[in-house]
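Structure assessment
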Amino acid sequence: MHKKTNTIIILVISISVIYAIIRYHIFNGVPLSYIIDVLNKGIALAAILLIALSLSIGPLARRFPKKFGRIEIGKRLFGLWGFTLSFFHTLISLLILKPNHYKIFYSFLKMNVLGEFVLISGFISLLLIGLAFITSFPHLFPFSQKSFRLTQFAGYIGCVVAGLHVFPIGVNQWTQISSWPGNMVPITFISFFAVIITVILRTQSSLMPLFQKEKS
Ligand code: HEM
């Protein structure tokens, strides 16, 4: 197994979880009894970052082969870990999704539009990323090249939907910088930003051959 890939995965997971603990437990004074909720945020952040990295590493390696070429080999493993973590995030979220934990998702003890949007977008995202996950095991599930490409594209759309999933949860906080615990950027903002960067890199990379053709 590639050593650099493992180091990156371990770093992304540890930094994401430690970030959530410092932001919520240390600077926001959230009691330790809410540790599962806080870990869930760290796991969700690591999931979206690894999925975004898995989708961005190809375009980055093509642009900066010296810097990113050597870690392109980790693309598949970044995606597999991203999906596994998003699966755990889903399980934990479904277990703790109750009005006393997530007041903003409920009105009069009934799930409101925001809660429904977060739930549905989460399911769609997990499903699409899961499709890409399944075809990443060609020995177990032999797919044609075309189906493989299609499911990989589904994974990309799943990542975009994950960006939509976090948007309404955090957008109100993004501009209220003075309310950020310990001046630490909201996890929803980091996640959304990672998805935007991924979309820009992939769009540029797919448009590049068109411009090259025009030039020649
Ligand atoms: C059925 C599937 C899913 C459900 C039910 C779900 C549920 C939730 C809930 C309830 C929150 C709010 C957490 C909080 O504020 O503490 C949340 C936040 C989040 N979710 Fe999901 N989610 C799902 C799928 C996903 C997937 C597939 C990803 C990533 C690929 C993802 C990434 C995130 C991120 C990054 C956050 C922001 C964490 C934060 O609140 O700071 N979710 N999700």
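Data block above holds the structure.
Below is a short write-up of the structure. Every value quoted in this text rests on a predicted model; they were computed, and no experiment measured them. (Residues numbered from 1 in each chain as written. Predicted model: local features only at pLDDT ≥ 70, side-chain atom pairs only at ≥ 80, totals over all residues.)

Helix and strand counts for the chain come out as seven helices and two strands. Secondary structure elements of the chain occur, N-terminal to C-terminal, as α-α-α-α-β-β-α-α-α. Relative to a compact globule of 216 residues, whose C-alpha radius of gyration would be 17 Å, the chain shows 18 Å and is just as compact. Along the three orthogonal principal directions, the C-alpha set of the chain runs to about 60 × 40 × 35 Å. Every one of the 216 residues in the chain was classed for burial, and the buried ones make up 29%. Once local pairs closer than 6 in sequence are excluded, the contacts in the chain between residues at least 24 apart make up 71%. (Helix = DSSP H or I, 4+ residues; strand = E, 2+ residues; numbered from the N terminus. Rg over C-alpha atoms; globule rule 2.2 N^0.38 Å. Buried ≥ 20, exposed ≤ 12 C-beta atoms within 10 Å, placed from the backbone. Contact = placed C-beta atoms within 7 Å.)

A few words now on helix 6 (residues 145-174). Over its 30 residues, helix 6 extends 41 Å from the first C-alpha to the last, a length consistent with the 44 Å expected when each residue adds 1.5 Å. The sharpest bend along helix 6 measures roughly 55° and falls at P168. Along helix 6, the residues that are buried comprise T151, G155, G158, C159, V161, A162, G163, H165, V166 and I169. (Expected span 1.5 Å × (residues − 1). Bend = angle between axes of the 7 residues up to and from the residue.)

The next point concerns the site of the ligand. Near the ligand there are 28 residues, and of these A44, S93, G122, A162 and I187 occur at the shortest range. At the level of secondary structure, the elements contributing two or more residues to the shell around the ligand comprise helix 2 (35-63), helix 4 (75-96), helix 5 (113-134), helix 6 and helix 7 (187-215). Looking at the shell around the ligand residue by residue, the classes come out as 17 nonpolar, nine polar and two charged. (Near = placed C-beta within 6 Å. Nonpolar A, V, L, I, M, F, W, Y, C, P; charged D, E, K, R; others polar.)

By the secondary structure assignment, L201 is in helix 7. L201 gets classed as partly exposed once you count the C-beta atoms within 10 Å, which come to 19. Along the primary structure L201 and L55 are separated by 146 residues, whereas in three dimensions their C-alpha atoms are 9.0 Å apart. Those residues within four positions of L201 in sequence are excluded, and the remaining contacts are S56, P59 and L60.

The biggest cluster of nonpolar side chains holds 37 residues, and the ones touching the most others in it are I48, L49, L50 and A52. Those elements giving two or more residues to this core turn out to be helix 1 (3-27), helix 2, helix 4, helix 5, helix 6 and helix 7. Per-element tally for this core: the top contributor is helix 2, with 13 residues. Those residues in contact with I48 that sit more than four places away from it in its chain are A162, S191 and A194. (Core = buried A, V, L, I, M, F, W, Y, C linked by C-beta atoms within 7 Å.)

Our next topic: unusual backbone geometry. Phi at L109 takes a positive value of approximately 65°, unusual for a residue other than glycine. Inspection of the secondary structure assignment puts L109 in the loop between strand 1 (106-107) and strand 2 (110-111). A positive phi is found at N183, a non-glycine position, where the angle reads about 55°. Mapping N183 onto the fold places it in the loop between helix 6 and helix 7.

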